[in-house]
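Examination of the molecular architecture
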Amino acid sequence: MKKSLTAVMAAVCLLFGCGRVDAEKEEPGYRDDVSAQALVEAVAQDLADEYWPDSTLAPEFLEDWYGISDEMYEEYYGQTPMISANVDTLIVVKAREDHLNEVEQALTAYRESVIKDTFQYPMNIPKIQASQIRTFGKYVCFVQLGGFMEGIEDDEEAAIEVCRKMNEQALSVMEGELTR
């Protein structure tokens, strides 16, 4: 009887993996112990001279401009340019679990409103068009970067591609910092 039970249990373990996690099927887990500021600083360091945001985003601007009130997040850190003619922006919001969707929706609404704004400097249009919002666990990230695009100002598609790649690089850095 013991041998039969052991054989059955072994067969079940082979069939179902006995609690073994298949790493290929598992969603990546994200840390939640990294500060939003550390993520922004990692991007700034990685992009070096191509990272243009240079002013810390005050909490009142996070609410007034982006619609994210302090009860929606545990912490945030954002940087925007000091000069308003430039739009390079990076914002990381560590959302409260019960407000994650609200933070994503607020940033999406902001992004859509800026895309529709027809009063933009031509040099900023590719940066705005290529902007992205991505969520890693509790962290909602808004990236609108592009740096200096000398030589491609007249080729909007090429400029959008440069900005898209820079945004992807920034998101990749943050994901790397947050991946367990």
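My aim in this report is to walk through the structure given alongside it, one point at a time. From a predicted model like this one, the values you see are computed outputs, not experimental measurements.

What follows covers the nonpolar core. Membership of the largest hydrophobic core comes to 23 residues, with the highest contact counts inside it found for Val 43, Val 92 and Met 174. Those elements that provide at least two residues to this core are α2 (36–47), β3 (89–95), β5 (139–144) and α6 (156–178). Within the second largest apolar cluster, 19 residues are counted, among which are Leu 57, Ile 91, Ala 106 and Val 114.

Strand order across the open sheet formed by five strands is β1-β2-β3-β5-β4, with antiparallel pairing between neighbours. Two strands close off the open sheet at either side, each with one partner strand: β1 (55–56) and β4 (132–136). Relative to β5, β3 runs antiparallel, the two being bridged by six bridges. By the bridge assignment for β5, Leu 90 is matched with Val 143. Those strands touched by helix α3 (residues 59–66) are β2 (73–80) and β3, and its axis lies near 85 degrees from that of β2.

The residue Asn 86 is located in the loop between β2 and β3 in this model. For Asn 86, a relative accessible area of 11% gives the class buried. Among the polar contacts made by the side chain of Asn 86, one reaches the main-chain amide nitrogen of Asp 88 at a distance of 3.1 Å. In contact with Asn 86, not counting residues within four places along its chain, are Trp 52, Pro 81, Asn 124 and Lys 127.

Parameters at a glance
- Residues numbered from 1 in each chain as written.
- Predicted model: local features only at pLDDT ≥ 70, side-chain atom pairs only at ≥ 80, totals over all residues.
- Heavy atoms only, no water.
- Core = buried A, V, L, I, M, F, W, Y, C linked by side-chain atoms within 4.5 Å.
- Buried < 20%, exposed > 50% of the residue type's maximum accessible area, 1.4 Å probe, protein only.
- Helix = DSSP H or I, 4+ residues; strand = E, 2+ residues; numbered from the N terminus.
- Pairing = 2+ DSSP bridges.
- Contact = heavy atoms within 4.5 Å.
- Axes fitted to C-alpha atoms, helices over the stretch in contact; angles between N-to-C directions.
- Polar contact = N/O pair within 3.5 Å; in protein donor to acceptor, adjacent residues only side chain to side chain.

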